[in-house]
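Listed here are the chains, written in short residue letters.
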Amino acid sequence: MNYDNLKRYGFDERFIDEAKNFNEMQPARVIQHHGSIYKIVCEQAQLTASVSGKLSYAADGVLDYPAVGDWVMIDSVDTGTGNAVIRGILGRKSAFVRKAAGTANTEQIVAANIDMVFICMALSEDFNLRRLERYLTIAWDSMATPVVVLTKADLCDDLDGKLAQAQSVSVGADVIVCSSMEEDGYDSVKKYLKKGRTTAFLGSSGVGKSTLINRLLGEDVLKTNEVRSDDGRGRHTTTHRQLLLLPGGGIVIDTPGMRELQISAGNLGRAFEDIEELASECRFGDCRHESEPGCAVKAAIESGELEKERFESYCKLQRETAYVGLNSRQLENEKINRMFGSKSEMKQKKRHATEKKKR
């Protein structure tokens, strides 16, 4: 089989080779997900599908179920009724995973098998550097390439200033500006959208993700609402994740706005590469950047090279990632250790004090 249709949706040699291990089945990609019902696209058509009982029984958690962007193996295809059964999930090359909203210690796949993550942030009331750092931490961990997309430039009175601020915390990621109000306001986005490559659009509610995707599609496929006159924010309209094929051959995934973004796992080394490099210059390899002598991080904050708020954000995300997966007793012990210090940390502080006296 040539898979001409599926190749338009990103079905490359990696997935073609893996699909050969499933006899008498055919590949498909998940393009929508509603509860236990999936909408998929295979070589012949778009179908409605459900997970087989065997696959569901073997699943240990939410991550073992298909997500939008996943490549799955199906059988029982009936193009007359439009139904299919999902028997397997091909290995993910990337996934944007966050901790599910609420108090439950569960994870949620926002988008799978993505090549790029567009982190959309409006240049209006939504502009928040700390939230941007949070998105970047998860994006770098996803194995996809993050790009920061600053939207609604027409509503910004200090474009250069906010662009500089966004660039200062987006180490290693491109930062681009667009405005859906202008005819050519989204041209900066187009160069990133390539045939066969999948891009997930992420961001808070009302930042203009759906409006931007509609412009790229050339028609109003996704529902949008008017911008509110009081603060320049759009109203939240996307209610589910949806994968769409662009006229030029690129693939996009629209996602609902996230009111909160809790971290399940993250790559702080990439998102805060500047701080990690400073930490490597500290006198002590186990420096906590508090009261230790010869701390390069403290020196950078005092000189203005590093913003105190950025370092505090780094520390906060460090704590969050340390707490992931702990039960209530472990979580309490970890918090006590951070407040009062563990025995090993007390020994460390004594050693630093001794070193200081010797000098």
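Residues numbered from 1 in each chain as written. Predicted model: local features only at pLDDT ≥ 70, side-chain atom pairs only at ≥ 80, totals over all residues. Heavy atoms only, no water.

### A closer look at the packing of aromatic side chains
Going by this rule: Here the aromatic set is Phe, Tyr and Trp, taking the six-membered ring for Trp, and pairing holds for ring centres within 6.5 Å; pairs whose planes are under 30 degrees apart are stacked, those over 60 apart are edge-to-face, and all others are tilted. Helix and strand definitions follow DSSP, with helices as H or I runs of at least four residues and strands as E runs of at least two, each counted in order from the N terminus. Remark: exposure states derive from per-residue accessible area (1.4 Å probe, protein chains only) relative to the maximum for the residue type, with buried under 20%, exposed over 50%, and partly exposed in between.
Across all of its chains, the model carries seven aromatic pairs by this definition. Judged by centre distance (6.0 Å) and plane angle (85°), the rings of phenylalanine 118 and tyrosine 192 are edge-to-face. Linking phenylalanine 118 in strand β8 (residues 116–122) with tyrosine 192 in the loop between α6 (187–190) and β11 (198–203), this pair joins segments that are 74 residues apart in sequence. For the residue pair phenylalanine 118 and tyrosine 192, the accessibility class agrees, reading buried in each case.

### Comments concerning the pairing of β8
Our working rule: Pairs of strands are assigned from DSSP output, requiring at least two bridges between the strands. We call a crossover right-handed when, viewed with both strands directed away from the observer, the connection leading from the first strand over the helix to the second proceeds clockwise.
The buried fraction of β8 amounts to seven of the seven residues, a majority that puts the element mostly inside the structure. Of the two faces of β8, the one holding Met116, Phe118, Cys120 and Ala122 and the one holding Val117, Ile119 and Met121 are both buried throughout. Two elements, β8 and strand β9 (residues 145–151), share seven bridges in a ladder whose sense is parallel. The residue of β9 that forms the bridge with methionine 116 is threonine 145. In this view, the connection linking β8 to its parallel neighbour β9 by way of helix α4 (residues 129–141) has right-handed handedness. Looking at chain direction, β8 and β11 are connected through five bridges and run parallel. Counted as the bridge partner of methionine 116 is threonine 199 from β11.

### Things to note about the side chain of asparagine 113
The condition that has to hold: Within 3.5 Å is the distance limit for a polar contact, defined as a pair of N or O atoms, with the added protein rule that one can donate a hydrogen and the other accept it, and that residues adjacent in sequence qualify only through two side-chain atoms. In what follows, a contact means two residues having at least one pair of non-hydrogen atoms within 4.5 Å.
With respect to the secondary-structure elements, asparagine 113 resides in the loop between β7 (107–112) and β8. Of the polar contacts made by the side chain of asparagine 113, one reaches the backbone nitrogen of lysine 93; its length is 2.9 Å. Apart from the residues lying within four places of it in its own chain, the contact partners of asparagine 113 are Phe15, Arg29, Gly69, Asp70, Trp71, Gly91, Arg92, Lys93, Ser94 and Thr198.

Just geometry here; none of it tells us what the structure is for.
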